[in-house]
Amino acid sequence: MDKKEWFIDWFNSYYYHLLYKNRNDKEAKDFILNLVNYLNLNFESSALDLGCGKGRHSFELRKYFKSVTGLDLSKNSIKEAKKHNLEGLFFTQQDMRIFNFDYKFNVIFNLFTSFGYFEETNDNLKILLNCHRHLNKKGILLIDFFNAQKVIQNLVKQEVKKIDGIEFNIKRKINHNKIIKTIAFKDKNKNYYFQEKVQLLTQENFKSLLNKANFKLIKSFGSYHLTDFNINQSDRLILLAEKK
Ligand SMILES: C[S@@+](CC[C@H](N)C(=O)[O-])C[C@H]1O[C@@H](n2cnc3c(N)ncnc32)[C@H](O)[C@@H]1O
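These figures come from a predicted structure and were not determined experimentally.

Asks: Describe the site of the ligand, listing the residues and the values that go with them.
Replies: The local shell around the ligand holds 22 residues, among which Gly 51, Arg 56, Asp 72, Asp 95 and Met 96 are the closest. Leu 111 is positioned with one of its backbone polar atoms (N or O) 3.0 Å from a nitrogen atom of the ligand. When residues of the shell around the ligand are traced back to their parent elements, those giving at least two are helix 1 (6–12), helix 4 (56–61) and strand 2 (67–72). Here the residues of the shell around the ligand sort into 11 nonpolar, seven polar and four charged.

Listed below in structure tokens is the structure:
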């Protein structure tokens, strides 16, 4: 049996970026603008984009931070991200479970559901503790996750998405407190099959994890417009925490 973790090949593939192409630079630009306005930071600050993908948020963040580092496990995404080639913008291929820098940040962002992937139950806490270690005094951690309650209540069990001539057959189910999305399609006469498995972490789960990692939860937003989090209505669960 192939024991390779699901997120390694899927996020590194061309097809992941095709399927999620609506999660684009415009969405990143608007969200980052809303966040920096809210956070009201000084331009001398530094930021880490943890799970940066091709760097769509890192690129935007660089407009408001003197130095921005994007980190991702996907070799192909980091290669793409590096094409931004801006002074003060750096990209590195590392695993967020064990990342290491010899400098600290003012803010760490973890955006668009880049959390809750790992089989080891302790890994979530490990990541948060590592974030804590990499933040300056009173540093900020911002996690943008989905609203698990809404996902469960509105589960679309099956759908077909046709994008650029490819029919993605998508199935979703809930198993062992994870949302499991299977994505099957055919391209150039070859069949493909991928799975996403993400823990259904609630606001309470995050509160407890943040507390254990010595963060104080300051605010929970429910959308990229930074509306208040509402467990029944919000699509996102965006947690703003400060290092204690
Ligand atoms: C849903 S994508 C979001 C990417 C990016 N934040 C965006 O909004 O475009 C999740 C990202 O987390 C990355 N990732 C998954 N596991 C990782 C790990 N162990 N360490 C670092 N990055 C990881 C994936 O490669 C992928 O780019």
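Structure shown, so let's carry the discussion forward.
Asks: With reference to specific residues and values, describe the packing of helix 6 (residues 123–133) against helix 8 (residues 203–212).
Replies: Here helix 6 crosses helix 8 at 50°, and the two axes come no closer than 9 Å. The angle between helix 6 and helix 8 places the two elements in the oblique class. Note that helix 6 runs across helix 8; the crossing there is right-handed. Residues Asn 124, Leu 125, Leu 128 and Leu 129 of helix 6 touch helix 8, and the partners they reach there are Leu 209, Leu 210 and Lys 212. Partitioned by chemical class, the residues of the contact of helix 6 with helix 8 number five nonpolar, one polar and one charged.

Asks: I'd like a description of the nonpolar core, backed by residues and values.
Replies: Ranked by internal contacts, the top residues of the largest apolar core, which has 75 residues, are Trp 10, Leu 50, Phe 109, Leu 141 and Phe 168. In terms of residue count, the dominant contributor to this core is strand 5 (residues 135–146) (seven residues). Two domains share this core, each providing at least three of its residues, namely domain 1 (6–147 + 201–243) and domain 2 (151–196). Here Trp 10 is in contact with Tyr 15, Tyr 16, Leu 19, Tyr 20, Ile 183, Phe 194 and Glu 196, once residues within four sequence places are set aside.

Asks: Talk me through helix 6; I want residue IDs and the actual numbers.
Replies: In terms of residue burial, helix 6 counts as a mostly covered element, since eight of its 11 residues are buried. Listed in full, the buried residues belonging to helix 6 are Asp 123, Asn 124, Leu 125, Ile 127, Leu 128, Asn 130, Cys 131 and His 132.

Asks: Go over the domain arrangement of the protein chain, please, and point to the residues and values.
Replies: Under the domain assignment, the protein chain is made up of domain 1 (6–147 + 201–243) and domain 2 (151–196). Each of domain 1 and domain 2 has a C-alpha centre, and these two points are 24 Å apart. The partner domain 2 presents 18 residues to the 13 residues of domain 1 that form the contact. In this assembly, domain 1 packs against domain 2 so that about 1,400 Å² is buried in total across both faces, 62% of it on carbon and sulfur atoms. Contact with domain 2 buries area across many residues of domain 1, yet Trp 10, Tyr 15 and Leu 19 alone supply 43% of it, more than any other trio. Taken together, domain 1 and domain 2 are joined by two salt bridges. Lys 178 is the partner of Glu 119 in a salt bridge, and the nearest nitrogen-oxygen pair spans 3.1 Å. Remark: the boundary between domain 1 and domain 2 carries eight residue pairs in polar contact (both at pLDDT 80 or more). For the side of domain 1 that touches domain 2, the secondary structure elements donating two or more residues are helix 1 and helix 2 (14–19).

Thresholds applied
Numbers given to residues run from 1 along each chain, matching the order in which its sequence is written. Totals for whole chains, interfaces and linings use every residue, but because this is a predicted model, local features are given only for residues with pLDDT of at least 70 and side-chain atom pairs only at 80 or more, for both listing and counting. Computation of side-chain values covers all heavy atoms of the structure but excludes hydrogens and water. Being near a molecule or strand, for a residue, comes down to having at least one heavy atom within 4 Å of it. Side-chain atoms alone can form a polar contact between residues adjacent in sequence; in general such a contact is a pair of N or O atoms within 3.5 Å, and within protein one must be able to donate a hydrogen while the other accepts it. In this text, helices come from DSSP runs of H or I with a minimum length of four residues, and strands from runs of E with a minimum of two, each type numbered from the N-terminal end. Think of it as three bins: nonpolar holds Ala, Val, Leu, Ile, Met, Phe, Trp, Tyr, Cys and Pro, charged holds Asp, Glu, Lys and Arg, and polar takes everything else, Gly as well. Only the stretch in contact is used when fitting a helix axis, every axis being a line fitted to C-alpha atoms; angles between N-to-C directions are given from 0 to 180 degrees. Comment on the angle field: the value is read as roughly parallel under 35 degrees, roughly antiparallel over 145, roughly perpendicular from 65 to 115, and oblique elsewhere. It is the rotation of the near helix from the far one that decides the hand of a crossing: anticlockwise by less than a right angle makes it left-handed, clockwise makes it right-handed. Any pair of residues with heavy atoms lying within 4.5 Å of one another is described as a contacting pair. Residues belong to a common nonpolar core when they are buried Ala, Val, Leu, Ile, Met, Phe, Trp, Tyr or Cys residues joined through side-chain atoms within 4.5 Å. Burial here depends on accessible area, computed with a 1.4 Å probe over protein chains only, as a share of the maximum for the residue type. Under 20% is buried, over 50% is exposed, and the range in between is partly exposed. Residue ranges labeled as domains rest on an automatic or database domain assignment. Summed over both partners, buried area is the accessible surface (1.4 Å probe) that two parts give up on being assembled. In the sections that follow, a salt bridge refers to a side-chain nitrogen of Lys or Arg positioned within 4 Å of a carboxyl oxygen of Asp or Glu.

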